Amino acid sequence: MSYSLVVFDWDGTLMDSTHSIVAAIQGACRDLDLAVPSASEASWVIGLSLESALRRAVPELTQAMLPRFLERYRTHYLLRDPELRLFDGINELLTDLASQNVRLAVATGKSRVGLTRALAATGLGPLFDATRTADETFSKPHPAMLQELMQELDVDPSRVIMVGDTSHDLQMACNAGVHGLGVTYGAHTLKELEGCAPQAVLDTVPLVREWLLPRVGVGA
């Protein structure tokens, strides 16, 4: 298979931010005297839009409490912002892919403001041809983000692969009729990822690079 568009999730796939998201959810719960979800419960919702994630991870949260919760969540998350780093090898992976005449995109549960900040902080913005965030369209696993990216970049589903660390990413790929590639170094387990029938599930960024490079570009 030759892919001309590789779409990446952000948190837990490109950026090592899973722990920060979990800690921010848990911290906001403590601030509002709500039941604190376990790390596994909080990490399961990563990749969804924030409001969708909170409905699952914090079932006691009411609509009236939501603005205050979001304010506390963002405060906790931003306190950890300086600690956030790309996974080792991500810069090389993306640069090598771009050199193969393959288009790159992001489909993320982050907000547009959050993704813009992350792209600026990492310097990755120029490498991506298009991006979609959860506050612009439907949340994963709805296929809208991938459908909109394919329409914008004029790429057929048969030439698209979605790379992600959660079953939400891979289920979105299934729903959009594109291939999925799972990574185990983020939020979800191997079993959860394999349940979405990806092309492969890989344990490290170098293995993702090794798998993808022969399968992209005009000459693949």
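Residues numbered from 1 in each chain as written. Predicted model: local features only at pLDDT ≥ 70, side-chain atom pairs only at ≥ 80, totals over all residues. Heavy atoms only, no water.

Take the overall build of the protein chain next. Along the backbone of the protein chain there are ten helices and six strands. Against the globule reference of 17 Å for 220 residues, the protein chain gives a C-alpha radius of gyration of 17 Å, in line with a compact fold. Each principal axis of the C-alpha atoms in the protein chain carries an extent, and together these give about 55 × 30 × 30 Å. Expressed as a percentage of its 220 residues, the buried residues of the protein chain come to 54%. For the protein chain, restricting intrachain contacts to residue pairs at least 6 apart in sequence, the fraction spanning at least 24 positions comes to 65%. Carbon together with sulfur atoms contributes 51% to the accessible area of the protein chain, which is approximately 9,800 Å² in total. Across the protein chain, the mean location of the 18 positive side-chain charges is 2 Å away from that of the 27 negative side-chain charges. (Helix = DSSP H or I, 4+ residues; strand = E, 2+ residues; numbered from the N terminus. Rg over C-alpha atoms; globule rule 2.2 N^0.38 Å. Buried < 20%, exposed > 50% of the residue type's maximum accessible area, 1.4 Å probe, protein only. Contact = heavy atoms within 4.5 Å. Areas by Shrake-Rupley, 256 points an atom, 1.4 Å probe, with all protein chains shown as cover. Lys, Arg positive; Asp, Glu negative; His and termini not counted. Charge placed at Lys NZ, Arg CZ, Asp CG, Glu CD.)

Another point: the nonpolar core. Of all hydrophobic cores here, the largest spans 56 residues; its most connected members are F8, W10, F69, F128 and L212. Here this core gets six residues from one element, more than from any other, and that element is helix α1 (residues 18-31). Listed in part, the 17 residues of the second largest apolar core include M145, L146, L149 and A173. (Core = buried A, V, L, I, M, F, W, Y, C linked by side-chain atoms within 4.5 Å.)

The subject of this paragraph is the side chain of K110. Among the structural elements, K110 can be located in the loop between β2 (103-108) and α6 (112-122). Polar side-chain contacts of K110 include one of 3.4 Å to the side chain of D11. Of the polar contacts made by the side chain of K110, one reaches the side chain of Y77; its length is 3.5 Å. (Polar contact = N/O pair within 3.5 Å; in protein donor to acceptor, adjacent residues only side chain to side chain.)

With that settled, the discussion passes to the packing of helix α5 (residues 90-98) against helix α10 (residues 205-212). Relative placement of two packed helices is described by the angle separating their axes and the distance separating the axes. In the contact formed by α5 and α10, the axes pass within 9 Å of each other and the chain directions differ by 10°. Considering the angle they form, α5 stands roughly parallel to α10. On α10, the residues touching I90, L93, D96 and L97 of α5 are V205, V208, R209 and L212. Looking at side-chain class alone, the contact of α5 with α10 contains six nonpolar, no polar and two charged residues. (Axes fitted to C-alpha atoms, helices over the stretch in contact; angles between N-to-C directions. Parallel < 35°, antiparallel > 145°, perpendicular 65-115°, else oblique. Nonpolar A, V, L, I, M, F, W, Y, C, P; charged D, E, K, R; others polar.)

Moving on: the sheet that holds strand β1 (residues 5-8). Each strand in a sheet pairs with its neighbour through backbone hydrogen bonds, running either in the same direction (parallel) or in the opposite one (antiparallel). Strand order in this open sheet of six strands is β3-β2-β1-β4-β5-β6, and the pairing throughout is parallel. Of all strands in the sheet, those bounded by a partner on one side alone are β3 (130-133) and β6 (200-202). Between one strand and the next, the sheet's axes are offset by a mean angle of 20°, whatever the strand orientation. With four bridges joining them, β1 and β2 adopt parallel strand pairing. Residue pairing in the sheet places L5 in a bridge with R103 of β2. (Pairing = 2+ DSSP bridges.)

Turning to the environment of A64, a few remarks are in order. On the secondary structure map, A64 appears in the loop between α3 (50-57) and α4 (66-79). We classify A64 as exposed; its relative accessible area is 71%. As a C-alpha pair, A64 and A24 span 40 residues in sequence and 19 Å in three-dimensional space.

Here we come to the packing of helix α7 (residues 144-153) against helix α8 (residues 167-176). Following both chains from N to C, one finds α7 and α8 inclined at 55°, their axes separated by 8 Å at the closest point. As judged from the angle between their axes, α7 and α8 are oblique. Between α7, through M145, L146 and M150, and α8, the contact on the second element is made entirely by M172, A173 and A176. Across the contact of α7 with α8, the residue classes tally to six nonpolar, no polar and no charged.

For the structure shown, the criterion picks out three aromatic pairs. Geometrically, the ring pair formed by Y73 and Y77 is stacked, given 6.1 Å between the ring centres and 15° between the ring planes. One end of the pair is Y73 and the other is Y77, both in helix α4 and four residues apart, which spans about a single turn. Both residues of the pair, Y73 and Y77, count as buried. Directly above the ring of W44 sits R56, whose terminal nitrogen or CZ lies 4.1 Å from the centroid. Here the basic side chain of R215 rests over the ring of W211, its NZ or CZ set 4.1 Å away from the ring centre. (Phe/Tyr/Trp six-rings, centres within 6.5 Å; stacked < 30°, edge-to-face > 60°. Lys NZ or Arg CZ within 6 Å of the ring centre and 35° of its normal.)

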